[in-house]
There are 2 protein chains.
Amino acid sequence: MKLNTKSRYAVMALADMSKFPLNDPISLRDISLRQSISLLYLEQIFLKLKKNDIVKSVRGTNGGYVLKRDPKSIKLSEIFQALDQKVKTVGCKKESKKGCNGKLAKCITHELWDELEVYINNFFENKSLNDLLINKNRIN
Amino acid sequence: MKLNTKSRYAVMALADMSKFPLNDPISLRDISLRQSISLLYLEQIFLKLKKNDIVKSVRGTNGGYVLKRDPKSIKLSEIFQALDQKVKTVGCKKESKKGCNGKLAKCITHELWDELEVYINNFFENKSLNDLLINKNRIN
DNA sequence: GTAATACTTGACTATTTTAGTCGGGTATAT
DNA sequence: ATATACCCGACTAAAATAGTCAAGTATTAC
């Protein structure tokens, strides 16, 4: 079970942004330098964040990205969703409520994986961007 | 974030086994047929389960595998460990307690990912093989 | 008005991981 | 003997990941 870099970087970048005055555009170049994330990769990530209304963009010189909402109201679950990053634990089709993989009954561990998915999603649902900043022993 | 088939199959197979009298060896062939998992893949998986003292093997005709302990005492966390399946959320070295990626301080989201790892591991730590069988609306 | 900055977008690619398969064993019950 | 079933290392196709590249467009500063 591994978290991918895209969602991890997205959270890092947004956390970075939320340390600065909220309405100043922050360029990806700056984030790239501060967080050691490839600029081109960040561009990819921010396009998705923009499409999902988490940030807005300001073009041109001194442009950059701005958080669209208060860091308190941006849940990590939204960020993950924006990057199509789902928690996938089950192999069988979720929709097929009764049968799994063409069988008559649910596979023996189906409920377990469902439960795990809900459990993990719950973690992201209950964390906001702001929660990351409260931490004391953080420096950069 | 995705669970891999190896650990998923391992749990499925062990759950399958624990539905039968505990000291009868159960052949991988049977599990393979019942759970629709490739026999050769199961062999790979069970070698690891054996090495990690979760099952023991009985060779020869009518042989198979036997759970080495009571299903109540086999935690899912052990099964995952047996398959080298770790929950990995952080990119930076865990050991380097102070710095991340050569920097002086912990990366901004380091604590978050640590927390997530603990959270997920906790789920597996608190589930036993037996817990899977209690479920009512399960059939096969 | 032109240069520089910074976002925009789709396509492309190397690397890694995953999900298995293959081949050739060994042990044991009947 | 022979069939069954575990044992084990090596191999491989396919998918996912983690980016890069190229070729833009919009805006501001001068």
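All of the points below concern the structure found in this document. Note that the structure is a prediction, hence the values are computed from the model and not measured.

Before going further, it helps to spend a moment on the overall build of chain A. Within chain A, the secondary structure is distributed over six helices and two strands. Listed N to C, the secondary structure of chain A is α-α-α-β-β-α-α-α in terms of helices and strands. Relative to its 140 residues, chain A shows a buried fraction of 46%. Counting contacts in chain A only where the partners sit at least 6 residues apart, residues at least 24 apart contribute 62% of the total. When the accessible surface of chain A is summed, it comes to about 7600 Å², and 50% of that surface belongs to carbon and sulfur atoms.

Here we take up the protein's contact with DNA strand D. The local shell around DNA strand D holds 27 residues, among which Ser38(A), Gln44(A), Lys50(B), Ser57(B) and Tyr65(B) are the closest. Restricting the count to atoms of DNA strand D within 4 Å of the protein gives a sugar and phosphate share of 59%. Within the contact set of DNA strand D, a phosphate oxygen lies 2.4 Å away from a side-chain nitrogen or oxygen of Ser38(A). A distance of 2.7 Å separates a base oxygen of DNA strand D from a polar side-chain atom of Arg59(A). Put simply, the parts of the chain that give the surface near DNA strand D at least two residues each are helix H1 (5-17) and helix H3 (39-51) of chain A together with helix H3 (39-51), strand E1 (55-58) and strand E2 (64-67) of chain B. Take the surface near DNA strand D: its biggest share by element is four residues, from H3(B).

If you look at the interface, chain A gives 46 residues, while chain B gives 46 residues. For the interface between chain A and chain B, the tally reads two salt bridges. Put simply, Lys127(A) and Glu115(B) hold a salt bridge, and the shortest N to O gap is 2.8 Å. Put simply, the parts of the chain that give the side of chain A that touches chain B at least two residues each are H1, helix H2 (28-35), helix H4 (76-82), helix H5 (110-125) and helix H6 (129-134) of chain A. Looking at the side of chain A that touches chain B, the element that brings in the most residues is H5(A), giving 10 residues. When grouped by side-chain class, the residues that make up the side of chain A that touches chain B number 23 nonpolar, 10 polar and 13 charged.

At an RMSD of 0.1 Å, chain A and chain B line up after a rotation of 180° and a shift of 0.0 Å along the axis. Here the two chains are linked by the operation of a two-fold rotation axis. Distance from the rotation axis, computed per C-alpha, reaches its smallest value in chain A at Met1(A): 3.0 Å. Mapped onto chain B, 100% of the interface residues of chain A are again interface residues, and the two copies thus contact each other with one and the same surface.

The immediate surroundings of DNA strand C are formed by 27 residues, with Lys50(A), Tyr65(A), Ser38(B), Gln44(B) and Arg59(B) found nearest. The protein-proximal atoms of DNA strand C, defined as those within 4 Å of the protein, are 58% sugar or phosphate. Measuring from a phosphate oxygen of DNA strand C, one finds a side-chain N or O atom of Ser57(A) at 2.8 Å. Of all the secondary-structure elements, those providing two or more residues to the surface near DNA strand C are H3, strand E1 (55-58) and strand E2 (64-67) of chain A together with helix H1 (5-17) and H3 of chain B. The leading source of residues in the surface near DNA strand C is H3(A), at four residues.

Bringing the nonpolar core into the picture now. Leu14(A), Phe46(A), Ile79(A), Leu14(B), Phe46(B) and Ile79(B) are the most contacted members of the largest nonpolar core, which has 82 residues in total. Once you skip the residues sitting within four places of it in the chain, Ile79(A) turns out to touch Ala10(A), Val11(A), Leu14(A), Leu49(A), Ile54(A), Ile74(A) and Leu129(A).

Our next topic: unusual backbone geometry. In terms of backbone geometry, most residues other than glycine have negative phi values and most peptide bonds are trans. Backbone geometry places Asn62(A), a non-glycine residue, at a positive phi of 60°. Relative to the elements of secondary structure, Asn62(A) occurs in the loop between E1 and E2.

Here we take up the packing of aromatic side chains. Scanning the entire structure with this criterion turns up 11 aromatic pairs over all chains. Ring centres 5.0 Å apart and planes at 50° place the aromatic pair Tyr119(A) and Phe123(B) in the tilted group. Taken as a pair, Tyr119(A) in helix H5 and Phe123(B) in helix H5 (residues 110-125) lie in two separate chains rather than in one. Taking the relative accessible area as the measure of exposure, Phe123(B) reaches 7% and is therefore buried. Taken together, the ring pairs in this structure connect Phe80(A), Tyr119(A), Phe123(A), Phe124(A), Phe80(B), Tyr119(B), Phe123(B) and Phe124(B) into an aromatic cluster.

Between its first and last C-alpha atoms H5(B) spans 22 Å; for 16 residues at 1.5 Å apiece the expected length is 22 Å, and the two agree. His110(B), Leu112(B), Trp113(B), Leu116(B), Glu117(B), Ile120(B), Phe123(B) and Phe124(B) are the residues of H5(B) that are buried. Seen along its axis, H5(B) keeps its buried residues to an arc of 165°; they face one direction. For H5(B), the secondary structure elements touched by its buried residues are H1, H4, H5 and H6 of chain A together with helix H4 (76-82) of chain B.

Residue and element names in this part refer to chain A. Relative to the assigned elements, Leu 42 resides in helix H3. In this structure the C-alpha to C-alpha distance between Leu 42 and Ala 13, which are 29 residues apart in sequence, comes to 8.3 Å. Leaving out residues up to four positions away in the same chain, Leu 42 has contacts with Ala 13, Leu 28, Ile 31, Ser 32 and Ile 37.

What counts and how
Residues numbered from 1 in each chain as written. Chains lettered and ligands numbered in written order. Predicted model: local features only at pLDDT ≥ 70, side-chain atom pairs only at ≥ 80, totals over all residues. Heavy atoms only, no water. Helix = DSSP H or I, 4+ residues; strand = E, 2+ residues; numbered from the N terminus. Buried < 20%, exposed > 50% of the residue type's maximum accessible area, 1.4 Å probe, protein only. Contact = heavy atoms within 4.5 Å. Areas by Shrake-Rupley, 256 points an atom, 1.4 Å probe, with all protein chains shown as cover. Near = heavy atom within 4 Å. Polar contact = N/O pair within 3.5 Å; in protein donor to acceptor, adjacent residues only side chain to side chain. Salt bridge = Lys/Arg side-chain N within 4 Å of Asp/Glu carboxyl O. Nonpolar A, V, L, I, M, F, W, Y, C, P; charged D, E, K, R; others polar. Least-squares fit on C-alpha atoms with pLDDT ≥ 70 in both. Core = buried A, V, L, I, M, F, W, Y, C linked by side-chain atoms within 4.5 Å. Phe/Tyr/Trp six-rings, centres within 6.5 Å; stacked < 30°, edge-to-face > 60°. Expected span 1.5 Å × (residues − 1). Arc of directions from axis to C-beta.

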